[in-house]
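A closer look at the structure
Single-letter residue listing:
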Amino acid sequence: MLSNKERRDSEQLYLSDSEVFEEQKRARRLTRKLNTMDRSDFEGIANLIKELIPQSENSFINPPFYCDYGDHIKIGKNFFCNYNCTILDVGKVTIGDNCLFAPNVAIYAAGHPVHPALRNTGYEYGIDVTIGNNVWLGGNVVVCPGVTIGDNVVIGAGSIVTKDIPSWTIAAGNPCKVIREITDDDMQYYFHKRKIDDEMMNKIQKNIDESNDPNRFPSRKI
């Protein structure tokens, strides 16, 4: 017979028993410390994030931040997360390289049954969430259990993502839907139809040429 911890980790119904709560103590202790730190202690915050989320590289999170476990989260390189993010990492949450989260982003890799009789038993579940490389989630975006967001995606502010979103798209709404593809023409603009001036474009192109990381400055043609 599987333990509740084993049932949780295999995306089955489980109960939050004493063994499960014991695992959560570490994250609660570390998030409390993170959320009460001096906000100007950037180095201290970065070090604590690495302790809270061991599977991360060069990540920075602006407190406050909340999660259930921390070690159920895997983050690639150069992650930036703005204020008041919540990640319910009952299921595994995988985030790729160079991702940006605006304020109030919520990722819910956890849920409860729909039928009230079943829900009232206390059984719950966790379903994995996957976010690709170079993804920007706008303010107040909610990502629901089981969702996969592809590479190079922008999710508009206030969106509720209930289904998978393909790579190289802009998506928004409730429920979140694809609005259009991202193309190389988007390299000309920084906000709507505001074009990037030539001086800045030269600097950007130099950064692209000098980068050895194809995930940092991907081309639509790849």
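In what follows, the structure referred to is the one given above.
Residues numbered from 1 in each chain as written. Predicted model: local features only at pLDDT ≥ 70, side-chain atom pairs only at ≥ 80, totals over all residues. Heavy atoms only, no water.

Take the overall build of the protein next. When you go through the protein residue by residue, the secondary structure sums to five helices and 19 strands. The principal-axis extents of the C-alpha atoms in the protein amount to approximately 65 × 40 × 25 Å. Buried positions account for 40% of the 222 residues belonging to the protein. In the protein, of all internal contacts separated by at least 6 residues, the share reaching a separation of at least 24 is 29%. Summed over all atoms, the accessible surface of the protein reaches about 12,500 Å², with 53% contributed by carbon and sulfur. Taken as two groups, the 26 positive and 30 negative side-chain charges of the protein have centres that lie 3 Å from each other. (Helix = DSSP H or I, 4+ residues; strand = E, 2+ residues; numbered from the N terminus. Buried < 20%, exposed > 50% of the residue type's maximum accessible area, 1.4 Å probe, protein only. Contact = heavy atoms within 4.5 Å. Areas by Shrake-Rupley, 256 points an atom, 1.4 Å probe, with all protein chains shown as cover. Lys, Arg positive; Asp, Glu negative; His and termini not counted. Charge placed at Lys NZ, Arg CZ, Asp CG, Glu CD.)

For the rest of this paragraph, the subject is the packing of helix α2 (residues 18–35) against helix α3 (residues 42–52). At a minimum axis distance of 10 Å, the contact between α2 and α3 shows a crossing angle of 170 degrees. As judged from the angle between their axes, α2 and α3 are roughly antiparallel. Of the residues in α3, those in contact with Arg26, Ala27, Leu30, Thr31, Lys33 and Leu34 of α2 are Ile45, Leu48, Ile49, Glu51 and Leu52. (Axes fitted to C-alpha atoms, helices over the stretch in contact; angles between N-to-C directions. Parallel < 35°, antiparallel > 145°, perpendicular 65-115°, else oblique.)

Here the focus is the sheet that holds strand β16 (residues 169–172). Reading across the sheet, the seven strands line up as β2-β5-β8-β11-β14-β16-β17 and stay open at both edges, with mixed pairing between neighbours. A strand with exactly one partner marks an edge of an open sheet, and here the two such strands are β2 (60–61) and β17 (177–181). Taken together, the two bridges between β2 and strand β5 (residues 80–81) define a ladder with parallel strand orientation. Bridging from a neighbouring strand, Ile61 pairs with Cys81 of β5. (Pairing = 2+ DSSP bridges.)

Attention now moves to the sheet that holds strand β6 (residues 85–88). An order of β3-β6-β9-β12-β15 is seen for the five strands of this open sheet, with the pairing classed as parallel. Lying at the two open borders of the sheet, with one neighbouring strand each, are β3 (65–67) and β15 (160–161). Strand direction decides the pairing type here: β3 and β6, joined by three bridges, are parallel. Within the sheet, the bridge partner assigned to Phe65 lies in β6 and is Cys85.

Inspection of the secondary structure puts Asp164 in the loop between β15 and β16. The contacts of Asp164, once residues within four sequence positions are left out, are Gly146, Val147 and Thr148. At a separation of 2.9 Å, a polar atom in the side chain of Asp164 contacts the main-chain amide nitrogen of Thr148. (Polar contact = N/O pair within 3.5 Å; in protein donor to acceptor, adjacent residues only side chain to side chain.)

Considering the arrangement of structural elements, one finds Phe42 in helix α3. What makes Phe42 exposed here is its relative accessible area of 52%. Sequence separation between Phe42 and Ile61 is 19 residues, and the spatial gap between their C-alpha atoms is 9.5 Å.

For helix α5 (residues 198–210), with 13 residues, the first-to-last C-alpha span of 18 Å sits near the 18 Å given by 1.5 Å per residue. Of the residues flanking the start of α5, the one acting as N-cap is Asp197, its side-chain oxygen 3.2 Å from the backbone nitrogen of Glu199. (Expected span 1.5 Å × (residues − 1).)

Side chains that differ in charge, positive against negative, can pair when their charged atoms come close. For the structure on display, the rule yields seven salt bridges. Glu23 is paired through a salt bridge with Lys5; the nearest N and O atoms lie 3.0 Å apart. A residue pair is termed long-range when its members are at least 10 positions apart, and Glu23 in helix α2 and Lys5 in helix α1 (residues 4–9) qualify at 18 residues. Look at Glu23 and you get partly exposed, because its relative accessible area is 26%. Measuring nitrogen to oxygen at the nearest pair gives 2.7 Å for the salt bridge that ties Arg8 to Glu23. (Salt bridge = Lys/Arg side-chain N within 4 Å of Asp/Glu carboxyl O.)

What follows covers α3. Restricting attention to buried positions, one finds in α3 the residues Gly44, Ile45, Leu48, Ile49 and Leu52. Seen from one end, α3 has its buried residues packed into an arc of 135 degrees, which puts them on one side. Turned more than 90 degrees off the buried face of α3, the exposed positions are Phe42 and Glu43. (Arc of directions from axis to C-beta.)

Attention shifts here to the nonpolar core. Grouped together as the largest cluster of nonpolar side chains are 40 residues, with contacts concentrated most on Phe65, Phe101, Ile131, Leu137, Ile149 and Ile155. Those elements that provide at least two residues to this core are α2, α3, β2, β3, β4 (73–77), β6, β7 (93–95) and β10 (129–131). Among the elements that take part in this core, α3 stands out by supplying four residues, more than any other. Formed by five residues, the second largest nonpolar core is a distinct cluster that contains Tyr14, Val20, Val90 and Ala110. (Core = buried A, V, L, I, M, F, W, Y, C linked by side-chain atoms within 4.5 Å.)

Shape is all these values report; function is a separate question.
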